[in-house]
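# Observations on chain architecture
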Number of protein chains: 2
Amino acid sequence: MNEAIQPILLAGQWQPSLGTTGHFRAADPTTGEAIGPVFPFSGAADVEAAVTAASAVAAELAAAPAERIAAFLDAYADALDADADTLVALAAAETALAAPTRLRGNELPRTSGQLRQAAQAVRSYGWTQPTIDTAAGLRAHLAPLGKPVLVFGPNNFPFAFNAIAGSDFASAMAARNPVIAKAHPLHPATSQRMAQLAHTALLASGLPAAAVQLLYQFDNAIGLRLAGDRRLGAIGFTGSRAGGLALKAAADAVGTPFYAELSSVNPVFMLPGALAERGPALAQEFFASCTLGSGQFCTNPGVVIVPRSVEGDAFVAATTTHFTSAAPMVLFSQGGVDHVAAGVAALQAAGASVLAGGAVGQGAGFRYAPTLLQVDAMDFIARPQALQAEAFGPVSLLVRVEDQEAMVAVAAAFEGNLTGTLYRATDGSDDAAWQAIAPVLRARVGRLINSKMPTGVAVSAAQNHGGPFPSTGHPGFTAVGMPGSIHRFAALHSYDGIPDALLPVELRDANPGGVQRSVDGTWTTADIGGAA
Amino acid sequence: MNEAIQPILLAGQWQPSLGTTGHFRAADPTTGEAIGPVFPFSGAADVEAAVTAASAVAAELAAAPAERIAAFLDAYADALDADADTLVALAAAETALAAPTRLRGNELPRTSGQLRQAAQAVRSYGWTQPTIDTAAGLRAHLAPLGKPVLVFGPNNFPFAFNAIAGSDFASAMAARNPVIAKAHPLHPATSQRMAQLAHTALLASGLPAAAVQLLYQFDNAIGLRLAGDRRLGAIGFTGSRAGGLALKAAADAVGTPFYAELSSVNPVFMLPGALAERGPALAQEFFASCTLGSGQFCTNPGVVIVPRSVEGDAFVAATTTHFTSAAPMVLFSQGGVDHVAAGVAALQAAGASVLAGGAVGQGAGFRYAPTLLQVDAMDFIARPQALQAEAFGPVSLLVRVEDQEAMVAVAAAFEGNLTGTLYRATDGSDDAAWQAIAPVLRARVGRLINSKMPTGVAVSAAQNHGGPFPSTGHPGFTAVGMPGSIHRFAALHSYDGIPDALLPVELRDANPGGVQRSVDGTWTTADIGGAA
């Protein structure tokens, strides 16, 4: 290993780590072979320097004109699109995700589109929710935190949730907060390339150069100390529940908002009428969703509730055939394979039986067979914790229920999830069942879905990629969708009796930009009356 | 003590505690004598029964029509106003707050007005922020948590922040969550009377009887266990930092949002021009604000920054005279007196010198002298933690600064506060100083105030009674002001592809109530287009 260790993006420039505690390389998931350059584990000096540099520019960034932020976000988006060939090649090599359909066709445009939506939210001031009470002399809006935001990216979206390019990054920057990005170590070269593009766009924007920094990896003790640093304004985390909860505890102890996306099994209820109407199609739809991206989705349909009936049995049989017929799928890492294997074993130990798969794949690289398990509703209700643990792979558990009452009881046994789905018959014959089950499920999920698999997550103002604990750390916020996702990285600021000229631009009497503002209880784009 | 122990409001009815761990009475703060009936310390059985009963009605309450909630809030407000004579007499006896000016003239109308503003937010659906993306088929709003909200009331507002009547109560009920109210033990008879009125209004409303419950007191271990109960949806806490942080840790561990209002010294900067223009008036204004309600305000001006100049010296001299001339003031409790005395001693130990007061008051009851201290800016910057500890009484610390640069340095030494104030000259001569200091202060406070003392807190949509940690637990939310304060007790719910008839009423195509909704990026009261 004589190869040079790659630099990190620290304090406004690419420079060697100030003191590594180790180094690592990516692996080709299809072969298990190490690929690409050598990246550093950052030690305490890197972390300290990053927080210091970000803190030093936080006020300047908070005071930056909206147009400068928006122009940066747009320029970065353009640079990502222009670099698609390189980015897709890097990400495909590091993740084994499908290059044409997933990476180029879907995830990269989603990522650049998300940055452009953030730019639009910045220009429109839509995320600031300006609120004016003329009688009381009070004006309020959402504003920058004035402190750095630390972002942890996950393994499963090398672009759209990358700490240096994804929703948390776009949201934190849109709110004019410096970002310290902690890339996921399973796709370091992809992250490096994106950070290079971000850095170039930043230098051209006139924003402070230390507004965006990138670290590749650090050990747990460093991470916990960083999460507990009082100089941080907020933390965005997407990843495993165990790691996330440890970091959350460190952040909680110093009062730092910690926005986590931790785990979710995304229950799907197959109502009887839907199964009678289109059972075979639903079996195909479910299999496709569960195995998309080798099942490595936060919104993977991990638990499916199926009636014990002729149609339910047929659905299970058809689904089992799909899962059995499929070859083992490539996962991101050996750790991922081990985690899935342990998860399947735990489900079996809790009473589930394997209908298909259930084994590590043969051959090179990191592979696991698409796996279908089944358990009775009574068992699920008796051991809800063990039977709703996320496996994070092409794995799903069927829960067989006798009747509608049992469906309601199963719904009530779920803890917080990102999504919940009910498949209904198109003729309305399932609507009574919907009325019984949906309210119970509704309280436990962030997004309630009608007759569609949960894996698609549109970037929309009406999206909620969030949900009650433990799917996330706060039920009131979404991680996806502008401008809502920006609200996580904002502070509420009220101005009391402040003269017009000393107010932020979107709170002044004159509203030349036509910002939508709530004035004395009504949303309007008008100026405040002439008597000011 | 043969007197009967008062019942608690548990599971829909007034009933004896299921097992007390002790009992207590209120005291007349002017004499120290015990007054009023005997109230129970609730044990584990009461707490368990309260959570169970609230959880059992959470779904019914979440599904209740908006009008029913609004009618309850209005009826309760009317009942409070109609009962003013009794409520004011009870609160005056238990708190020694001024009956005509404070309790009857200000706090009770504010409390009933706040409930009516909550009712208005419920009827208008303004708090739900309906957001519709017609192209994506997604519709989102803020919705009930589907779980009980636990509210801890403080000692200092027997009406407006009472756990059974104040902003947290009104907000949690407006969001259709059951409330478990933990009254403050220094005004139990006031809380009991309010709870009786709430219960009567609730029974008349058709809402579930267990939607509102009242416990008077429990010991710390019970409180910590309750705060860590996974069945709770959120917690609202107003009180001391030490108690609040302990409860917050318990809530954090199970992912329950904890909205705390913990402590604040509310820095006030006296800019040179303002002092030159109207120094004596400012001295009077400051003294009046610092001693209002015996200084027992979250927004008490606890630290005032004053230039070392002829005008600054004159301001200090005038202020010292005001403080010296005033008689010792009645505090709520002996514990309060002890806390203030300890706080003053701690400030002295950290280098502050006493200019006026600094002693426990002679005579009966709980009294402390209005107290003014002074410290140099260099000392403040050297020991910022010790010198910005909240005393919670008629106590303020003057920080003497050489120049504008020192003012900026002092501003930068503050941790999170509810408010920050700059007094400016009316001729604009302080505006350069404002531009230097305000951005630094802005990032550290929830409400930035121009030339006005912080003690007045209007109930307004543009209010922020909140601020960065440790003044509160989250910088994005306000505890006062409708509809913002309701957002704390809400979950974000997205609906994906749900047929119109199965949507919540404010998300349907037709909008007969004229709800303000964000539709495809624009706020409007219109229906969704005819093609639905």
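Residues numbered from 1 in each chain as written. Chains lettered and ligands numbered in written order. Predicted model: local features only at pLDDT ≥ 70, side-chain atom pairs only at ≥ 80, totals over all residues.

## Details of the packing of helix α3 (residues 84–95) of chain A against helix α6 (residues 188–205) of chain A
All names here are of chain A. Applied cut-off: Between N-to-C directions, angles span 0 to 180 degrees; the directions come from axes that are lines fitted to C-alpha atoms, helices contributing only their stretch in contact. Secondary structure elements are taken from DSSP: a helix is a run of H or I of four residues or more, a strand is a run of E of two residues or more, and numbering for both begins at the N terminus. Each angle is binned into one of four classes, with values under 35 degrees roughly parallel, values over 145 roughly antiparallel, values of 65 to 115 roughly perpendicular, and all other values oblique. Handedness of a crossing is defined here by the sense of rotation of the near helix relative to the far one, left-handed for an anticlockwise turn of less than a right angle and right-handed for a clockwise turn. In this description, any two residues whose backbone-derived C-beta atoms lie within 7 Å of each other are considered to be in contact. Under the grouping applied here, Gly and all other residues not named as nonpolar or charged are polar, the nonpolar ones being Ala, Val, Leu, Ile, Met, Phe, Trp, Tyr, Cys and Pro and the charged ones Asp, Glu, Lys and Arg.
α6 packs onto α3 with a crossing angle of 160 degrees between their chain directions and a minimal axis gap of 8 Å. Taken together, the axes of α3 and α6 are roughly antiparallel relative to one another. Both α3 and α6 take part in a crossing whose hand is left-handed. For the pair α3 and α6, the contacting residues are T86, L87, L90, A91 and E94 in the first and A189, T190, R193 and M194 in the second. Along the lines of polarity and charge, the residues of the contact of α3 with α6 split into five nonpolar, two polar and two charged.

## Here we look at the interface of chain B and chain A
Counted only if it meets this: Pairing between strands requires that DSSP locate at least two bridges from one strand to the other.
Each side of the interface is counted separately: chain B has 58 residues, and chain A has 57 residues. Only α1 (44–62), β5 (131–133), β6 (138–144), α15 (431–442), β20 (445–450) and β21 (490–496) of chain B provide two or more residues apiece to the side of chain B that touches chain A. Top contributing element to the side of chain B that touches chain A by residue count: β21(B), with seven residues. Two elements, strand β21 (residues 490–496) of chain A and β20(B), share three bridges in a ladder whose sense is parallel. Each residue of the ladder has a partner; that of D496(A), found in β20(B), is I449(B).

## Things to note about helix α15 (residues 431–442) of chain A
The cut-off we apply is this: Any residue with 12 or fewer other C-beta atoms within 10 Å of its own C-beta is exposed, any with 20 or more is buried, and the rest are partly exposed; the C-beta atoms used are placed from the backbone. In this description, one arc is meant: the one made by directions from the helix axis to the C-beta atoms.
Restricting attention to buried positions, one finds in α15(A) the residues A433(A), W434(A), I437(A), A438(A), L441(A) and R442(A). The buried residues of α15(A) occupy an angular sector of 130 degrees when the element is viewed end-on, so they sit on one face. In α15(A), the exposed residues that point more than 90 degrees away from the buried face are A432(A) and Q435(A). The secondary structure elements touched by the buried residues of α15(A) are β12 (268–270), α14 (404–412), β19 (417–423) and β20 (445–450) of chain A together with β21 of chain B.

## What about the relation of the copies chain B and chain A?
Put simply, the rule reads: Here the copies were fitted onto each other by least squares, based on C-alpha atoms from residues at pLDDT of at least 70 in both.
Expressed as a screw transformation, the operator carrying chain B onto chain A has a rotation angle of 180 degrees and an axial translation of 0.0 Å, and the superposed copies differ by an RMSD of 0.0 Å. Seen this way, the second copy is the image of the first under a two-fold rotation axis. Here 98% of the contact residues of chain B are again contact residues in chain A; the copies associate through an equivalent surface.

## Focus: the environment of P29(A)
All names here are of chain A. You can see P29 is positioned in the loop between β3 (20–27) and β4 (34–42). Residue classification places P29 among the buried residues on the basis of 26 C-beta atoms within 10 Å. Taking C-alpha positions, P29 is 15 Å from H339, a pair spaced 310 residues apart along the chain. Ignoring any residue separated from it by four or fewer positions in sequence, one finds P29 in contact with T95, A96, V330, L331, F332, S333, G365 and F366.

## A few points about the domain arrangement of chain A
Residue and element names in this part refer to chain A. Under the convention used in this document: Domain delimitation follows an automatic or database domain assignment.
As assigned here, chain A comprises domain 1 (52–262 + 480–485) and domain 2 (268–450). Centre-to-centre separation of domain 1 and domain 2, based on C-alpha positions: 32 Å. Contacts between domain 1 and domain 2 engage eight residues on the former and seven residues on the latter.

## Structural notes on the nonpolar core
The nonpolar side chains of a soluble globular protein tend to be buried, and buried together. Here is the rule: In this description, a nonpolar core means buried residues of the types Ala, Val, Leu, Ile, Met, Phe, Trp, Tyr and Cys, linked to one another by C-beta atoms lying within 7 Å.
Judged by nonpolar contacts, the single largest core of 359 residues is most densely connected at L73(A), A174(A), M270(A), I305(A), L73(B), A174(B) and M270(B). Filtering out sequence-adjacent residues up to four positions away, L73(B) remains in contact with L115(B), R116(B), A118(B), A119(B), V122(B), A170(B), M173(B) and A174(B).

## What to know about the environment of N177(A)
Residues and elements named next belong to chain A. By the element assignment, N177 lies in the loop between α5 (167–174) and β8 (179–182). Residue classification places N177 among the buried residues on the basis of 26 C-beta atoms within 10 Å. Between the alpha carbons of N177 and A59 there is a distance of 8.7 Å; along the sequence they are 118 residues apart. Setting aside residues up to four positions removed in sequence, N177 forms contacts with A58, L61, P144, L145, K147, P148, V149, A172, G233 and F489.

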